[in-house]
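# Structure at a glance
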Amino acid sequence: MALKQKGTDAAADPKKRRRVGFSGIDAGVEANECMKVFLARNPDEAGSEDCTSIQPFDLNHFFGEDGKIYGYKNLKINVWISAISFHGYADISFEETSDGGKGITDLKPVLQSIFGENLVEKEEFLQIFSKECEYIRDVVTNGNAIKHEGTNESDPTVEIVRVELQGAAAFLYSRLVPLVLLLVEGSTPIDIGEHGWEMLLVVKKTTQESVPKFQLLGFAAVHNFYHYPESTRLRISQILVLPPHQGEGHGLRLLEAINSIALSENIYDVTIEDPSDYLQYVRSSIDCLRLLTFDPIKPALSAMVSSLKETNLSKRTCSLRMVPPADLTETVRQKLKINRKQFLRCWEILVCLSLDSEDRKSMDNFRACIYDRTKGEILGGATGTNGKRLVQMPSSVNEEESFAVFWTQDCEDADDQTVEQQPEDLKTQEEQLNELVDNQMEEIVGVAKNVASRGKDKLAELLAR
Ligand SMILES: CC(=O)SCCNC(=O)CCNC(=O)[C@H](O)C(C)(C)COP(=O)(O)OP(=O)(O)OC[C@H]1O[C@@H](n2cnc3c(N)ncnc32)[C@H](O)[C@@H]1OP(=O)(O)O
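Naming follows an unreviewed UniProt entry, where the protein chain appears as Histone acetyltransferase type B catalytic subunit of Panicum hallii var. hallii. Comment text from UniProt for the protein chain, heading Catalytic activity (unreviewed entry), reads "L-lysyl-[protein] + acetyl-CoA = N(6)-acetyl-L-lysyl-[protein] + CoA + H(+)". What the UniProt record of the protein chain gives under Sequence similarities (unreviewed entry) is the line "Belongs to the HAT1 family."

This is the structure:
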């Protein structure tokens, strides 16, 4: 790795070290405040801040325990990643360095932990644009274009290509790792040495002269793993649409392509590893639209909707489990490859869509069912705690949504239970639970609205029954 550093190199040579007027102990600077990452499409954009800027979810977590950089005055770290070859080039500048009590952060190993071997000197970075201008074409040459219903509907120049994660494709993945680390929250690089990995690449073809013929817009890393006794499951491990192209329908295309592979190869089902909220939203929207036209679902759905209209759960004298019949869950898995957990999510969305939002009683009953389900999941059943307790945990990410469940050591010990379940504890638990239920209602309604606007005709047909 080569980094071009402006300013003094005082950090390396103690004799040259100059004192900076830090008053007291150095408070440090947050990495999020001084580091920027850009995507450069051509040599002119390399070094310029007028190109696509990437918004990493959090840079601080790469930098030590407190996410801070120490010992620099006016530090600026700019990194450009080539949108053609995915090499990187870093420009680091600062006025002065000085140990203000917390040392001088060594930036090289940190940048290396993000960008690895991809980081090169500026000169090399600029040359690579022409040297590797057909890099993506070379990777997709051995791949298979995935054609399925709806393919290329909106843009015939965009294609999804399926490649095994070996050889050139494995090299491409290793070049994409920095973007994965920066943009996919909580991600770690996948083990490409493991059997069963493949990638789906979203590529844009162009016939224009002087620009690469293939441009990478996004990708999904998918693992095929064994399911007893003789089938395979497809697990989407990482999916990333490059920042300038997010929201253009490519994530949706990738999910649709994976669904079509699962159907054509009679895969057991499709799962997603820790989907982000937005990915889950896109996925549920697609699955609900598929389910709207899936006839076997209709009788069970209308029976569920009738029950919600007729019962009154507000007094909690009766209860209703808002789950689909087990045989329907199995049919949905077999025919649409939607896994059980995902179908349960979609089921709630479809029930919500089928209810009259003006009918207070039905909507209250619906919320009561979501409440019972959530409580059951967290506290281990609506009738007892099963020895589990819900506590709110401090979190830097989102305090409101951070809960932990812990088990009391001996759940049959009645004395322990009495001591722990103080009335004020129960009230806090109740408040936290209600917040969680409100969030879930919001998510359900969000997807329901999207599905309603995109599948008006299908929905009208479903509701007419
Ligand atoms: C397992 C994991 O990898 S989790 C991490 C996921 N990845 C990340 O978070 C990295 C950063 N984000 C991304 O890479 C992307 O934003 C992704 C992958 C999450 C989503 O891909 P995108 O290309 O941005 O989304 P895409 O444009 O395909 O779809 C989203 C929009 O199109 C809508 N849409 C378009 N057509 C349709 C349709 N036919 N049916 C339903 N919805 C549709 C979606 O509902 C959504 O609309 P809205 O946000 O305006 O309400």
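Read on for the rest.
## As for the overall build of the protein chain
The helix and strand tally for the protein chain stands at 14 helices and 17 strands. Counting every position in the protein chain, which comprises 465 residues, the buried fraction comes to 33%. Residue pairs in contact within the protein chain that sit at least 24 positions apart in sequence constitute 69% of those at least 6 positions apart.

## Brief notes about helix α7 (residues 277-292)
Each turn of an α-helix holds 3.6 residues, which means side chains three or four residues apart point in the same direction. Spanning 16 residues, α7 covers 22 Å between terminal C-alpha atoms, matching the ideal 22 Å at 1.5 Å per step. All of the buried residues in α7 are Val282, Arg283, Ser284, Ser285, Ile286, Asp287, Cys288, Leu291 and Leu292.

## Concerning the domain arrangement of the protein chain
Looking at the protein chain, the domain boundaries give domain 1 (4-131), domain 2 (135-274) and domain 3 (289-464). The interface is formed by 7 residues belonging to domain 2 together with 4 residues belonging to domain 3. At the level of secondary structure, the elements contributing two or more residues to the side of domain 2 that touches domain 3 comprise α6 (250-264) and β15 (270-272). Tallied by class, residues from the side of domain 2 that touches domain 3 come to 4 nonpolar, 2 polar and 1 charged.

## Remarks on the confidence of the model for the protein chain
In regions of low pLDDT, the predicted coordinates are not meant to be interpreted in detail. Of the residues in the protein chain, 84% reach a pLDDT of 70 or more, and the chain-wide mean stands at 86. Contacts for the low-pLDDT stretch residues 1-19, under 50 throughout, to residues beyond four places or in other chains number 33 contacts. In the model, residues 381-419 has pLDDT below 50 throughout and makes 46 contacts with residues more than four positions away in sequence or in other chains.

## Examining the site of the ligand
Among the 27 residues in the neighbourhood of the ligand, the closest are listed as Val241, Gln246, Gly251, Leu252 and Ser285. Elements that contribute at least two residues to the shell around the ligand include exactly β14 (231-241), α6, α7 and α13 (423-454). If you tally residues by element for the shell around the ligand, the top one is α7, at 6 residues. Broken down by class, the residue content of the shell around the ligand amounts to 14 nonpolar, 9 polar and 4 charged. Two domains share the shell around the ligand, each providing at least three of its residues, namely domain 2 (135-274) and domain 3 (289-464).

## Some thoughts on the pairing of strand β8 (residues 88-93)
Successive residues of a regular strand alternate their side chains across the two faces of the sheet. By the bridge criterion, 6 bridges tie strand β7 (residues 76-82) to β8 in an arrangement that is antiparallel. When the sheet's bridge partners are listed, Asn78 is paired in β8 with Asp91. Where β7 folds back onto β8 in an antiparallel hairpin, the turn is made up of 5 residues, including Phe86, whose phi is positive at roughly 70°.

## With respect to unusual backbone geometry
Between Tyr228 and the following residue, Pro229, the backbone shows a cis peptide bond with an omega angle of 0°. In this structure, Asn266 is a non-glycine residue whose phi angle is positive, near 45°. Relative to the assigned elements, Asn266 resides in the loop between α6 and β15. With phi around 40°, Asp274 is a residue other than glycine that occupies positive phi space.

## Details of the environment of Arg175
By the element assignment, Arg175 lies in helix α5 (residues 167-183). Between the C-alpha atom of Arg175 and that of Leu313, which follows or precedes it by 138 residues, the distance is 55 Å. Beyond its immediate chain neighbours, meaning those up to four positions away, Arg175 contacts Phe86 and Asn118.

## What about the sheet that holds strand β13 (residues 214-227)?
Spatial strand order, β10-β11-β12-β13-β14-β15: 6 strands in an open sheet with mixed pairing. At either end of the open sheet lies a strand with only one pairing partner, and these are β10 (144-145) and β15. Both β13 and β14 contribute to a ladder of 10 bridges, which runs antiparallel. Paired with His227 across the two strands is Ser231, which belongs to β14. The sheet contacts of α5 involve β11 (158-164), β12 (197-205), β13 and β14, and relative to β14 the element is tilted by about 60°.

Conventions adopted
- Residues numbered from 1 in each chain as written.
- Predicted model: local features only at pLDDT ≥ 70, side-chain atom pairs only at ≥ 80, totals over all residues.
- UniProt positions renumbered as here; feature names shortened; annotations may be inferred.
- Helix = DSSP H or I, 4+ residues; strand = E, 2+ residues; numbered from the N terminus.
- Buried ≥ 20, exposed ≤ 12 C-beta atoms within 10 Å, placed from the backbone.
- Contact = placed C-beta atoms within 7 Å.
- Expected span 1.5 Å × (residues − 1).
- Domains from an automatic or database assignment.
- Nonpolar A, V, L, I, M, F, W, Y, C, P; charged D, E, K, R; others polar.
- pLDDT = per-residue confidence, 0-100.
- Near = placed C-beta within 6 Å.
- Pairing = 2+ DSSP bridges.
- Axes fitted to C-alpha atoms, helices over the stretch in contact; angles between N-to-C directions.

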